[in-house]
Amino acid sequence: MTDSTVSRQENSPKRPNDSNGEFKRLLVPETSQPEDERRESPPENQVLNVEEDRDKTYDSVPPFSWAKLWKFTGPGFLMSIAFLDPGNIEGDLQAGAVAGYSLLWLLLWATLMGLLMQLLSARIGVATGRHLAEICRNEYPSWARILLWFMAEVALIGADIQEVIGSAIALQILTRGFLPIWVGVIITSFDCFLISYLEKCGMRKLEGLFAVLIATMALSFAWMFNETKPSVEELFIGILVPKLGSKTIREAVGVVGCVITPHNVFLHSALVQSRKTDPKEINRVQEALNYYTIESSAALFVSFMINLFVTAVFAKGFYGTKQADSIGLVNAGHYLQEKYGGGVFPILYIWGIGLLAAGQSSTITGTYAGQFIMEGFLDLQMEQWLSAFITRSFAIVPTMFVAIMFNTSEGSLDVLNEWLNILQSMQIPFAVIPLLTMVSNEHIMGVFKIGPSLEKLAWTVAVFVMMINGYLLLDFFMAEVEGFLVGFLVFAGIVGYISFIIYLVSYRSSQSSSWSSLEMSQRVVSTET
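Under an unreviewed UniProt entry, the name given to the chain is Natural resistance-associated macrophage protein 5, and the source organism is Arabidopsis lyrata subsp. lyrata. In UniProt, the chain has this text filed under Subcellular location (unreviewed entry): "Membrane". As its UniProt record puts it under Sequence similarities (unreviewed entry), the chain is described as follows: "Belongs to the NRAMP (TC 2.A.55) family."

Structure, rendered in C-alpha cells:
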C-alpha cells in the first residue's frame, strides 16, 4: 500500500456507526491526482455553476428545485443523440417493415437497459470529477490502456461512417439527387469547426444547437406518424405484449444491439463535467445524481418516442409487402414517396430533414466523444479545434473511401452498414466492462460505489447485451467467412478478442479482492488504535 493511498484514507471523513457507536470510515471518491498528472480545468464558459449557495453546508441532500433541474438539463439530451443516429434509424425502419409493431416492447426494454448504463456513466463522472477514459488511463496498465483506446476509436470510426453517410444521403434527398454522397461527406466533415466555435461561445450554445436538432427530428417523424396514421391499438399491443417470431430474430437482435454504443458510454461521463459539482461534497454529489437521473430519463423518453414513430411509420406502410426485406436507409425515402405521394409537404423531404438532423447531431456528438476518448486515454493536451480536426480525420478518410466505392449501389451500402454494426458490436465489452469495474470499485467511487443488487443487475444487462451481439457476430461470420485462410485469421482474432475480455473481467476480480483486503486491514488498524 503506497503512502499516498494511506494518506487519502486517513483524511477521509468519518460518520457514526449507529449499530455499535463506533466510528466507521466513509471513503470519499478518489478525485485528486499528482500535480504533474492533473489535467487542465476546462474554460469557464464550458462549465456551468449550478450551486448558487455554494458556501452553504447541507446535512442532507438539498431540496428539489425546478430551476436547478433546468441548470442540470443538457448532458442527458446530448447523450440521447446516440440512440437516434442514422444506424438506429435504419434499425427502426427495418424492424417496422419486417416485424410490424411486434418488436416495440423490445425497443422499450432496450431503451431502459441503455438508460441504466448511461446513468452509471454519469455516476462515475459526477462522483469522481473525472471521465471514464481518464480513469481507465490511471487504473489499467499501459498496454491495456492503449488497446482500450484503440477499440474505442475503432467503434467511434464505425459509428461516424454511418452518421456521415446518413447525413450525405439526407443531403442527396433534399437536393433531389444533385449532390453525390461523397460531396455530402465533405460538407458534413466541417461540423468539427462548428463544434469548436460553439464550445468557445459557451456550453449552453452547444446544448441549444442539439435542442434544435432533436426538436427537428421529433417534429419531422411525428409529422410522418400523423400523416401515415398507424394503428394505435396495434401500437399499444406491440409495446405491452412481448412477441418474438423466428423470422424476426435478426431484427430483434438489431434493436437490442443498438442501445449501447461504446463511445456514448465514455461521452456521458465527460458531459456531466460541464456542471460544477465538488466531488468531496457528498450531499451535493447525490443532488447532482438525482437531477441527472431525471434529465437522462426524460431525454431517453424523447428518443424512445422518436424511434417509436419511425418504427410505426414503416410498420404501417411496408409490413407484409414485397419491399419489406429490401428497404434500407438509402431507398427508404423513395419507398415512402411511392407509398404516400406528395402533397404540400412531400413525405420524402420531411424524411430527409429528419434524417439530416439525426446525422448532423450524431456526427457532432461523435466528434465531441472522440476528443474526450483521445485526450483521456492518451493524456493529450491540445487546442480544441486541433483535437476536433484530428478526431474528425480518423473518420472522414475512411468515410470518403466508402462513399466513393459504394456510391452507385444501394445494396452495397446496406451490406456495409451490416459490417459497421458488427464492428461496433464487437467493441461493446471494452466500454461496458471498464465502466462496471470502476463504478463498483470503492477505491474510486467511495460511498457512491453501486450496491450489490444494482451491480448484479448491471452485469446481467451487460452480459445479455454482449450475448445478443455475440449471436449477431457469429451469425454474420458464418454467413460471410469463406476459405481456410480467412477462417483461420478470423479464429485467431476471436481467440485474442475473448482473451482480452477475460483479462478485463479477471482484472476486475483481482482489484475487488485487493481493495477488500485493504479495507479489512484498515478496520484492523482502526480497531487497534
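Peer 1: Just to check I follow, could you spell out the overall build of the chain for this structure?
Peer 2: Scanning the chain for helices and strands turns up 22 helices and four strands. In the chain, which comprises 529 residues, the share counted as buried stands at 54%. Nonlocal contacts in the chain, meaning residues at least 24 apart in sequence, comprise 83% of its contacts between residues at least 6 apart. As displayed, the chain offers around 23700 Å² of accessible surface, 63% of which is attributable to carbon and sulfur atoms.

Peer 1: In this structure, what is going on with the side chain of S362? I would like to understand it.
Peer 2: You can see S362 is positioned in helix α16 (residues 347-378). From its side chain, S362 meets the backbone oxygen of G359 in a polar contact 3.1 Å long.

Peer 1: Looking at this model, I keep getting lost on the packing of helix α5 (residues 104-128) against helix α11 (residues 232-240). Mind explaining?
Peer 2: Each pair of packed helices gets described by two things: the angle between the helix axes and the distance between those axes. Contact pair α5 / α11: the axes reach a minimum separation of 5 Å and the direction vectors enclose 50 degrees. When the axes of α5 and α11 are compared, the pair comes out oblique. Read as a crossing pair, α5 and α11 show a hand that is right-handed. Within the contact between the two elements, α5 uses L104, W105 and L108 and α11 uses L235, G238 and I239. For the contact of α5 with α11, the per-class residue count stands at five nonpolar, one polar and no charged.

Peer 1: Help me out: how do you make sense of the environment of N264 in this one?
Peer 2: Examined against the element boundaries, N264 turns out to sit in helix α13 (residues 262-271). Residues N264 and S121, 143 residues apart in the sequence, show an inter-C-alpha distance of 9.0 Å. Once residues within four sequence positions are removed from consideration, N264 is found in contact with M79, A82, F83 and Q118. Side-chain polar atoms of N264 contact the backbone oxygen of M79, separated by 3.1 Å. Looking at N264, its side chain comes within polar contact range of the side chain of Q118, at 3.3 Å.

Peer 1: Which parts of the structure should I look at to understand the nonpolar core?
Peer 2: Note on soluble globular proteins: their nonpolar side chains tend to be buried together. Of all hydrophobic cores here, the largest spans 141 residues; its most connected members are M217, F221, F314, W351, F377 and L436. Examining the composition of this core, we find that 16 residues originate from one element, helix α14 (residues 282-318), more than from any other. Here W351 is in contact with I89, L93, I173, F221, M224, F314, L329, A332, G333 and L336, once residues within four sequence places are set aside.

Peer 1: Which parts of the structure should I look at to understand α11?
Peer 2: For an α-helix, the turn length of 3.6 residues means that residues three or four places apart are oriented alike. Along α11, the positions that sit buried rather than exposed are L235, G238 and I239. Seen from one end, α11 has its buried residues packed into an arc of 95 degrees, which puts them on one side. Across from the buried face of α11, at angles greater than 90 degrees, the exposed residues are E233 and L240. Where the residues of α11 are buried, they touch α5, α10 (203-228) and α14.

Peer 1: Explain the layout of surface pockets to me, please; I cannot follow it from the model alone.
Peer 2: Leftover empty space is mapped by rolling, across the atoms, a probe with the size of a water molecule. If you add up the space inside the second largest pocket, you get close to 650 Å³. The wall of the second largest pocket is formed by 31 residues, among which Q94, R250, N417, E418 and N421 lie closest to the centre. For the lining of the second largest pocket, the secondary-structure elements that each account for two or more residues are α4 (86-99), α12 (249-257), α18 (410-427) and α21 (452-480). Per-element accounting of the lining of the second largest pocket gives the leading share, seven residues, to α18. Looking at the lining of the second largest pocket, its residues break down into 10 nonpolar, 14 polar and seven charged.

Peer 1: Sorry, what's going on with empty space enclosed by the protein here?
Peer 2: Summed over all chains, the structure comprises four cavities of 30 Å³ or more. There is about 110 Å³ of room inside the second largest cavity. Lining the second largest cavity are F83, N88, G91, D92, L107, T111, G254, V255, C258, V259 and N307. Looking at the lining of the second largest cavity, the elements that each hand over two or more residues are α4, α5 and α12. Ranked by residues supplied to the lining of the second largest cavity, first place goes to α4 with three residues. Taken together, the residues of the lining of the second largest cavity break down into five nonpolar, five polar and one charged.

Peer 1: Looking at this structure, I do not really get the packing of aromatic side chains. What am I missing?
Peer 2: The description of an aromatic ring pair rests on the distance of the ring centres and on the angle between the ring planes. Under the definition given, this model contains 18 aromatic pairs. Between F266 and F377, the aromatic rings sit 5.5 Å apart at their centres with planes inclined by 65 degrees, giving edge-to-face as the arrangement. Linking F266 in helix α13 with F377 in helix α16, this pair joins segments that are 111 residues apart in sequence. Of the two residues examined, F266 and F377, each falls in the buried class. Consider the rings of F500 and Y503, whose centres lie 6.2 Å apart with planes at 5 degrees: the pair is stacked. Taken together, the residues span about one helical turn, with F500 and Y503 both in helix α22 (residues 484-528) at a distance of three residues. Given the relative accessible area of 21%, Y503 is considered partly exposed. Through pairs of rings, three or more aromatic residues link up here, namely Y140, W143, F430, Y497, F500, Y503 and Y507.

Peer 1: So what exactly am I meant to see when it comes to the pattern of salt bridges here?
Peer 2: When the charged atoms of two side chains with opposite charge come close together, those side chains can pair. Overall, the coordinates contain four salt bridges when judged by the stated rule. Across the pair E287 and K68 runs a salt bridge, and its minimum N-O distance is 3.2 Å. With E287 in helix α14 and K68 in helix α2 (residues 66-72), this residue pair connects regions lying 219 residues apart in the sequence. Look at K68 and you get buried, because its relative accessible area is 12%. The salt bridge involving D379 is made with R137; its shortest N-O contact spans 3.6 Å. Residue D379 is found in the loop between α16 and α17 (384-405), and its partner R137 is found in helix α6 (residues 132-139); the two are separated by 242 residues along the sequence. Accessibility expressed as a relative area gives 36% for D379, which makes it partly exposed. Shared partners join several salt bridges into a network, and the residues in it are R204, E207 and R275.

Peer 1: Any chance you could explain unusual backbone geometry here in plain terms?
Peer 2: Phi at K229 takes a positive value of approximately 55 degrees, unusual for a residue other than glycine. Looking at the element boundaries, K229 is found in the loop between α10 and α11.

Cut-off values and rules
- Just so you know, the residues in each chain are numbered from 1, in the order the chain's sequence is written.
- Totals for whole chains, interfaces and linings use every residue, but because this is a predicted model, local features are given only for residues with pLDDT of at least 70 and side-chain atom pairs only at 80 or more, for both listing and counting.
- Note: side-chain values were computed over all heavy atoms of the structure, leaving out hydrogens and water.
- UniProt positions are given in the numbering used here, feature names are shortened, and annotations may be inferred rather than shown by experiment.
- Numbering goes from the N terminus for both helices and strands, where a helix is a DSSP run of H or I of at least four residues and a strand is a run of E of at least two.
- Exposure categories follow from relative accessible area, calculated using a 1.4 Å probe and restricted to protein chains: below 20% of the type maximum is buried, above 50% is exposed, and the middle band is partly exposed.
- The contact criterion used is simple: two residues touch if any of their non-hydrogen atoms lie within 4.5 Å.
- Areas reported as accessible are Shrake-Rupley estimates using a 1.4 Å probe. Residue values count occlusion only from the protein chains shown.
- Whenever two N or O atoms come within 3.5 Å, that pair is a polar contact, provided that in protein one can donate a hydrogen and the other can accept it, and provided that, for residues adjacent in sequence, both atoms are side-chain atoms.
- Between N-to-C directions, angles cover 0 to 180 degrees, with each direction set by a line fitted to C-alpha atoms, over the stretch in contact for helices.
- Orientation categories follow fixed angle ranges, with anything under 35 degrees roughly parallel, anything over 145 roughly antiparallel, 65 to 115 roughly perpendicular, and all other angles oblique.
- If you view the pair so one helix is near and one far, a crossing is left-handed when the near helix is turned anticlockwise from the far one by less than a right angle, and right-handed when it is turned clockwise.
- Classes in brief: Ala, Val, Leu, Ile, Met, Phe, Trp, Tyr, Cys and Pro nonpolar; Asp, Glu, Lys and Arg charged; the others, Gly included, polar.
- As used in this record, nonpolar core signifies buried Ala, Val, Leu, Ile, Met, Phe, Trp, Tyr and Cys residues forming a set joined through side-chain atoms within 4.5 Å.
- This arc is taken over the directions from the axis of the helix to the C-beta atoms.
- Only protein atoms enter the calculation, which uses a 1 Å grid: trapped sets of points that fit a 1.4 Å probe without letting it out are cavities, open sets showing protein on both sides within 12 Å along at least five of seven lines are pockets, and any residue with an atom within 4 Å of a point is a lining residue.
- Grid points are joined across faces, edges and corners, and a volume is the space filled by probe spheres set on the points.
- Two aromatic rings from Phe, Tyr or Trp, using only the six-membered ring of Trp, form a pair when their centres are within 6.5 Å; if the ring planes differ by under 30 degrees the pair is stacked, by over 60 it is edge-to-face, and anything between is tilted.
- What makes a salt bridge here is a side-chain nitrogen of Lys or Arg within 4 Å of a carboxyl oxygen of Asp or Glu, nothing more.

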